[in-house]
Amino acid sequence: MSETAGRPAGGNPVTDFSDDEVIIGLEIHCQLNTATKLFCGCSTDYRDDGPNTHVCPVCLGLPGSLPRVNRKAVEFALRVGLALNCEILDESVFARKNYFYPDLNKGFQITQYDKPLAVKGYLDIEGDDREKRIRITRVHMEEDPGRLVHKGGSDRARYTLVDYNRAGIPLIEIVTEPDLRSPKEARRFLNKLRATLEYLGVFDSEREGSLRVDANISIQPKGWFAKTGKGKEDRGRAEVKNISSYKGVEKALTFEITRQKNALRRGQKLESATRHFVEGRGVTTASRSKEMEQDYRYFPEPDLRPLRVCDWTGAIVLPELPDARRARFLVQYQCSPTHARTLTGDLRLAEFYEGIADIDPTLVATWVADTLLGELDYRDLSISAISPVQFRELVLLVKDGAITDKGGVAVLRELLDQIQASGCCESPSGCVERLGLRVLECTPEGRDPVLTAAEEAIAEHPGAVADFHAGRREALNFLVGQVMKKTRGCAKPADVNQVLSRLLGREG
Ligand SMILES: [Zn+2]
């Protein structure tokens, strides 16, 4: 009789996780936005074209064809390595990673293995109280495989088509050390990485499938990572493959933490395994068992010479990166730290802000970082949806007092709704007139609308007037409310107060 029969394998159930920590490492694949593919002259801009139209003997892997390295792609990858504070290896080597899959027409992928382009870097991200440094293990170059199209959905596909337009698009793979401790940190890291890549001009995040993430995650006793093999048991980890959205990474990791904790509570042993993230359902499911490195039979690519970049590295000048721009915004525009971080967290947003900051840096920062971003998020629109010219006009209307803050928000919502529905919108001042939102100016001479409305309100509500004269202040508030209603919220409250007080004072 076995002593362990009937008991879940793996040992004691874990009931308290206060002495444990979540350990996350990421592998990020980013498409470099070069004009041509990594090893041939085929154009990378195939979005509006039919399948298998951007291909040639090289990227189809036909016998006898030879790859040639795209110099621009190497330069882009070097920029990334330098911006991530990596050591650039003087000589890196392309290698063949052999496996069989229909999207891999050659039967192998050209990548880098034991001699990558760059190693040992870091990226600082916003931590809960101070900046946190996430170490980068390596940055290497490789080619993207083709794309499979499962007709009828991946679950119930009746047949699968393959499109090699994507085969040979230059990728960089960025591998982090397991330094991340929560899904939120992972998201912050990805946001910072995306911003950095866009500032470098090597990456377009709005391009579909331009970023894919594999996430390694496990829950280990605190200090386990530093003491591996010294008496602390490895509880096994999951590698969630091919998550293709930023939000997806956070969701997948959050799901995995719950799943792994539940298993540990039941005393189950978690085997290290590959899992697949089902975006629509927000869950991860078990997939094929993980290949071991030896299964890929890596060997140096015989058709390409080692890549020697020592002569180029010194010539690369990096542009201003997000941290430097944030520091500049604090000084040049006197932005609050929160606004500076938000505004520089995305290249397009930073440029949008700088294009109109001359109106009034503080007012514009509030309108862009707080109001506009919130409204865009709500509609799932990006900053490129609205033109800076129109937004400038809107902020100027607010600044000049032609509309109230509230009126400004109403106009913005109206414009964004139009953009969402039809892709374009009317002019902000046209919208102000159409909605009748222009602030009614109170002038000392002539019949101004606020005065008329105030006189009407007084005539219509003698009870409130009597209450006011009896010393009840809330009667004034009531009358102010009546005037605001009559002027459809376009009067400035201060004007209304002043006019009412004057009229009521005269009566008394
Ligand atoms: Zn080609």
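Residues numbered from 1 in each chain as written. Predicted model: local features only at pLDDT ≥ 70, side-chain atom pairs only at ≥ 80, totals over all residues. Heavy atoms only, no water.

An unreviewed UniProt entry annotates the protein chain as Aspartyl-trna(Asn) amidotransferase subunit b originating from hydrocarbon metagenome. Recorded under Subunit (unreviewed entry), the UniProt text for the protein chain is reproduced unchanged: "Heterotrimer of A, B and C subunits." The UniProt entry for the protein chain carries the following text under Sequence similarities (unreviewed entry): "Belongs to the GatB/GatE family. GatB subfamily." (UniProt positions renumbered as here; feature names shortened; annotations may be inferred.)

Participant: Can you walk me through the coordination of the zinc ion in this structure?
Facilitator: The expected angle between donors at a tetrahedral four-coordinate metal is 109.5 degrees. At an octahedral six-coordinate metal it is 90 or 180 degrees. The coordination sphere of the zinc ion contains the protein donors Cys40 (SG), Cys42 (SG), Cys56 (SG) and Cys59 (SG), at a distance range of 2.3 to 2.4 Å. The site at the zinc ion holds 4 donor atoms, and with the angles between them running 102 to 113°, its shape is tetrahedral. When the donor residues of the zinc ion are listed from N- to C-terminus, their spacing reads C-x1-C-x13-C-x2-C. You can see Cys42 sitting in the loop between β1 (20–31) and α1 (71–83) and its partner Cys56 sitting in the loop between β1 and α1, a full 14 residues away along the chain. You can call Cys42 buried: its relative accessible area is 11%. Residue Cys56 is classed as buried on the basis of its relative accessible area, which comes to 18%. (Donors = N, O, S within 2.8 Å, 3.2 Å for Na, K, Ca; no water. Tetrahedral: all angles 85-135°; square planar, octahedral: opposite > 155°, others 65-115°. Helix = DSSP H or I, 4+ residues; strand = E, 2+ residues; numbered from the N terminus. Buried < 20%, exposed > 50% of the residue type's maximum accessible area, 1.4 Å probe, protein only.)

Participant: Where do I start with the pattern of salt bridges in this structure?
Facilitator: Any two side chains of opposite charge can pair, on the condition that their charged atoms come close. The final tally for this structure, using the stated rule, is 41 salt bridges. The shortest N-O distance in the salt bridge between Arg133 and Asp124 comes to 2.9 Å. Residue Asp124 is classed as buried on the basis of its relative accessible area, which comes to 17%. A salt bridge links Glu320 to Arg325; the shortest N-O distance between them is 3.7 Å. By relative accessible area, Glu320 is classed as partly exposed at 29%. Connected via shared salt-bridge partners are Glu126, Glu131, Lys192, Asp323, Arg326 and Arg341. (Salt bridge = Lys/Arg side-chain N within 4 Å of Asp/Glu carboxyl O.)

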